[in-house]
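Given next are the chains, with one letter for each unit.
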Amino acid sequence: MTRAWISLLAIVAIAVALVGAPVAQPKEVVVGVLYPMSGNAAQVGIDCVNAVKLAADIVNANHDLNMPLAKGEGLPGLGGAKIRVVVVDHQGKPDLGQAEAERLLTQEKVHALFGAYFSGVTQTIAQVAERNGVPHLNAESSSPALTERGLKWFFRTSPHDGHFSQAMFDFMRDLEKRRSVKIKSVAIMHEATQFGSDSAKVQEELARKAGYEVATKITYRDKATNLDAEVGKLKAANADVLLPSSYTNDAILFVRTAKNLDYNPKLLIAQNAGWTDPTFLKEMGKDAEGHITRAPFALDMAAKKPMISQVNELFKKTGGRDISDAPARAFTGFITLADAINRAQSTDPEAIRKALVATNIPADQLIMPWTGVKFDEKGQNSGVRAILQQAQNGKYVTIYPFELAAADAVYPLPAWKDRK
Amino acid sequence: MTLELVLQGVVGGLLMGLVYALIAAGLSLIFGLMEIVNFAHGEFLMLAMFASFWAWALWRLDPLVSLPLTALLLGVLGWATYHGVVRFILDAPMLAQIFATFGLAVFLRSGAQALWGADFHLVKDPLVQGRVTVAGVFIGLPQLVASAGALVAFGLLYWFITRTETGLALQATAQDRQAASLMGIDTQWMFALGWAIGGACVGVAGGLLATFFYVFPDVGASFALLAYVAVALGGFGNVPATLAGGVVVGLVEVLGGLLFDPSLKLIGVFALYLLVVLWRPQGLFGRF
């Protein structure tokens, strides 16, 4: 009986293999997607993965949206091939990101790599891609150094902290002119991984160039259990403007500590990350009132770009909440990658790379406030534009550049006792 | 660097240090009792904080109000951990003991994320909030209450292990398991009790912490690390000295950050830890 079953199974298996082999090559394109899905930034990572899955679904199924590959099913350039994503969790650890990228290339045979939020992790993955000659598209890591290393296989759709910080200093200048106020000094506070360190470095340079005194520069660990010393130092330095580069949990702890120790600069302009995590505003409420953050994406621009609401509705079905900055960038990056693979008409790495170089997505096909997606010789999108948003009445509204602004900037920050 | 700032640092470090100490107390107690390091201790803290958060989110119970409940819950968890896991590895090689509690830690952390998501949560509008100013030094009321609560919990713990018969039996078991057994002490029961008390301590710490610190599945890891240092400074198994160990960690952390550079503050803590481990392995206050 058992023997009969085994032989039957064997026959079935062979039959499936024989019949399946030619048919079971529905050409598919496999993309390895790396995000932190556990650890401190798990929620951001999960949101980004949901955005990537949504982007893949928009490519694979028919959607009536004005963006590349939305209409029709699959990639027409590859005879309707579907995109499959293999999602892995790198836990925010650079070494794990590297190992997982290797595994994706050798075991999962992915055609391209995508990710990975943390600049420090993105860097190790970019090196794996470079060594193996596989395209790596990054949508949200903001360390300027990533595209300054002359990597051949690395592409970034998002602005980096050089662009963002430039916008901050432009804003300060313009604010000084408009309101005839005087800003003299800035304090820089940053978490110690690559994101924070590189952001602080570029801010220090820009401050010097713009003629602002850097009163203090403070480095801290994002997993800190106590920020009393950091806030104490900031208070002592008493700079006009605070420029923090923080992830979510440390941003929450910082604001609580600042409130506790009565530290309040005239302006707080954050380098995204923690400040644009939807959780931050939800949990901090009034305590974050008046805080400014740079943002590459703004939900309040939906009035000018209806596609933002359309994508947001789709995102809410899987993501369970409004699409925010990081997932919106992940979404845009993934569509860009799919568009390039489609134009490459092949899964050959070199063909995809060439297609990425030739990318040209116009502004009206994006949910971002950019002028388009077009890569320069370093692999950096040159169509980026940074905007600044301020928390007003519990919501982020765009305040800069002034021509895109939905509201006037509140200056200076309200005192703690007035934020009830 | 003004005197005021240093004073602020001392007060902040002292308050936080007392909370570190209470977290470390359970760890130290369990180690002293059976020489097992509970690597899931940080996750116990995380569960305590989540328990407080959910009590607030679902029934609007302030973490301070639900504190006895949290302590009881974590006590039961400690007791269950002993009977479900630790009992089987009492005489196992050290590596197996490490893997057992470490595995439990991973299980609890992933379980919390699967159940409640990876997001950060805060208890909003806690019963005690705001701050007072004493001689130009800001003291956060939640922190003040938390450290006072930690001191009370420590006092109770100290009274229990030194003044009650059960507490003395606990100490006897820690000193010599076999002799205690011969004297008619049910050592299994003592071990389970140790885990329950250790759990309750971290339950109180978690409840107090939840009044001002964010809650998420990974929150325990950073605190547990500092708790291990506090235990080592005080001397493994020496519960009262853990109090001093925790305070030293809190003070070194804040003052190191203020006087030198914030990025170096943990270096001070761990440098002290290494010094103690190398030159006074019995801890600053321990006796061998």
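Quick note: structure is the one above.
Residues numbered from 1 in each chain as written. Chains lettered and ligands numbered in written order. Predicted model: local features only at pLDDT ≥ 70, side-chain atom pairs only at ≥ 80, totals over all residues.

1. Topic: the overall build of chain A
1) Next: Looking only at helices and strands, chain A features 12 helices and 14 strands.
2) Next: Taken against the 2.2 N^0.38 rule, which gives 22 Å for 420 residues, the C-alpha radius of gyration of chain A at 23 Å falls within 12% of a compact globule.
3) Next: Projected onto its principal axes, the C-alpha coordinates of chain A cover approximately 85 × 45 × 40 Å.
4) Next: Scored against the burial criterion, the 420 residues of chain A give a buried share of 55%.
5) Next: Long-range pairs, those at least 24 residues apart, make up 67% of the contacts in chain A between residues at least 6 apart in sequence. (Helix = DSSP H or I, 4+ residues; strand = E, 2+ residues; numbered from the N terminus. Rg over C-alpha atoms; globule rule 2.2 N^0.38 Å. Buried ≥ 20, exposed ≤ 12 C-beta atoms within 10 Å, placed from the backbone. Contact = placed C-beta atoms within 7 Å.)

2. Examining unusual backbone geometry
Leaving glycine aside, a negative phi is the common case for residues, and trans is the common case for peptide bonds.
1) Next: Here the bond from Gly115 of chain A into Ala116 of chain A is cis, since omega is 20 degrees, no more than 30 degrees from zero.
2) Next: On the secondary structure map, Ala116 of chain A appears in the loop between β3 (112-115) and α4 (119-132).
3) Next: Each neighbour pair has its own omega, and for Tyr400 of chain A with Pro401 of chain A the value is 0 degrees, a cis peptide bond.
4) Next: Mapping Pro401 of chain A onto the fold places it in the segment after β14 (395-400).
5) Next: The backbone of Ala135 of chain B sits at a positive phi, close to 50 degrees, despite the residue not being glycine.
6) Next: Topologically, Ala135 of chain B is positioned in the loop between β1 (131-134) and β2 (137-140).
7) Next: Using a count of 7 C-beta atoms within 10 Å as the deciding quantity, one classes Ala135 of chain B as exposed.

3. Notes on the environment of Leu366 of chain A
All names here are of chain A.
1) Next: As for its position among the elements, Leu366 is in the loop between β11 (361-362) and β12 (372-373).
2) Next: Owing to 26 C-beta atoms within 10 Å, Leu366 belongs among the buried residues under this scheme.
3) Next: Spatially, the C-alpha atoms of Leu366 and Gly274 are 24 Å apart, while their sequence positions differ by 92 residues.
4) Next: Once residues lying within four places of it in the same chain are set aside, the contact partners of Leu366 are Thr332, Ile361 and Val373.

Honestly, it's all geometry; don't read function into it.
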